[in-house]
Amino acid sequence: MATEEEFKALLKQTHRFLNLMYAMILITIGTMVTYVNNPDFFDLSSEQMIVEVPIPAEEDRDRIENGIHVRTGFIDAEGMYIVIANCTNCHSAKLVTQNRMTAERWNETIKWMQETQNLWDLGENQEIIVNYLVTNYPPRKAGSRRANLTEIEWYEAKD
Ligand code: HEC
């Protein structure tokens, strides 16, 4: 028959064992709950970095301020959206807006891009685009040249 000492020792051991089981059950449940809520938590193979890229709302993308289309910098005028759709795919709008040309030279630039840069056939839009460009980005008038003289009183040269 076991002594009282032996019985106490057995009880202690059992208690420890139950504590251990209890802890393991808690860890298991914790792991399961974590997995159910976020399965990627245990995926150590890929370093996951979630970068939130704000996608501007449609009205934000096409916001006009002081007559300027904010996203691209284009002057808000007839044909602007066709220009945006065709002329901002390969380079920034800035490359377009920093240039000022006659209709002829805008057409030449388009032709050059079509021949060398894979710009597509613009079809009927070409006229709309060039109209927009030459209206809003015409060549600058030479600022230093004086204006043509008007209202001059000529006198008859006597011979
Ligand atoms: C298929 C691609 C593509 C599209 C679409 C495109 N371009 Fe270009 N464009 C280019 C490339 C490439 C260059 C040369 C860029 C550079 O030099 O860094 C260029 C250059 C330019 C230049 C500068 C030319 C120069 O002489 O420096 C202007 C102006 C221009 N593009 C206007 C336009 C306009 C207007 C449209 C819309 C009709 C347009 N682009 C659409 C590819 C394109």
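About the cut-offs
Residues numbered from 1 in each chain as written. Predicted model: local features only at pLDDT ≥ 70, side-chain atom pairs only at ≥ 80, totals over all residues. Heavy atoms only, no water. Near = heavy atom within 4 Å. Helix = DSSP H or I, 4+ residues; strand = E, 2+ residues; numbered from the N terminus. Nonpolar A, V, L, I, M, F, W, Y, C, P; charged D, E, K, R; others polar. Salt bridge = Lys/Arg side-chain N within 4 Å of Asp/Glu carboxyl O. Buried < 20%, exposed > 50% of the residue type's maximum accessible area, 1.4 Å probe, protein only. Donors = N, O, S within 2.8 Å, 3.2 Å for Na, K, Ca; no water. Tetrahedral: all angles 85-135°; square planar, octahedral: opposite > 155°, others 65-115°.

**Side note on the site of the ligand**
Step number 1: Among the 18 residues in the neighbourhood of the ligand, the closest are listed as Cys-87, Cys-90, His-91, Met-113 and Gln-117.
Step number 2: Within the residue set of the shell around the ligand, elements represented by two or more residues are helix 3 (80-87), helix 4 (93-97) and helix 5 (103-116).
Step number 3: When residues in the shell around the ligand are grouped by element, the largest group, four residues, is from helix 5.
Step number 4: Classifying every residue of the shell around the ligand gives 12 nonpolar, six polar and no charged.

**A word on the pattern of salt bridges**
Step number 1: One pass over the full model with this rule turns up four salt bridges.
Step number 2: The partner of Arg-63 in a salt bridge is Asp-60, with the nearest N and O atoms 3.7 Å apart.
Step number 3: Arg-63 sits in the partly exposed class, given a relative accessible area of 33%.
Step number 4: Residue Asp-60 is classed as partly exposed on the basis of its relative accessible area of 41%.
Step number 5: Ionic pairing is found between Arg-71 and Asp-62, a salt bridge with its closest N-O pair at 3.6 Å.
Step number 6: Each of Asp-60, Arg-63 and Glu-65 takes part in a single network of salt bridges with overlapping partners.

**Section: the coordination of the iron atom of the ligand**
Step number 1: Bound to the iron atom of the ligand are the protein donor atoms His-91 (NE2) and Met-113 (SD), situated 2.0 Å from the metal.
Step number 2: Because the angles between the six donor atoms bound to the iron atom of the ligand fall within 86 to 178°, the donor set is best described as octahedral. Separated by 22 residues along the polypeptide, His-91 in the loop between helix 3 and helix 4 and Met-113 in helix 5 bring together distant segments of the chain.
Step number 3: On the accessibility criterion, His-91 (25% relative accessible area) is partly exposed.

Everything listed is a geometric property; what it means functionally is a separate question.
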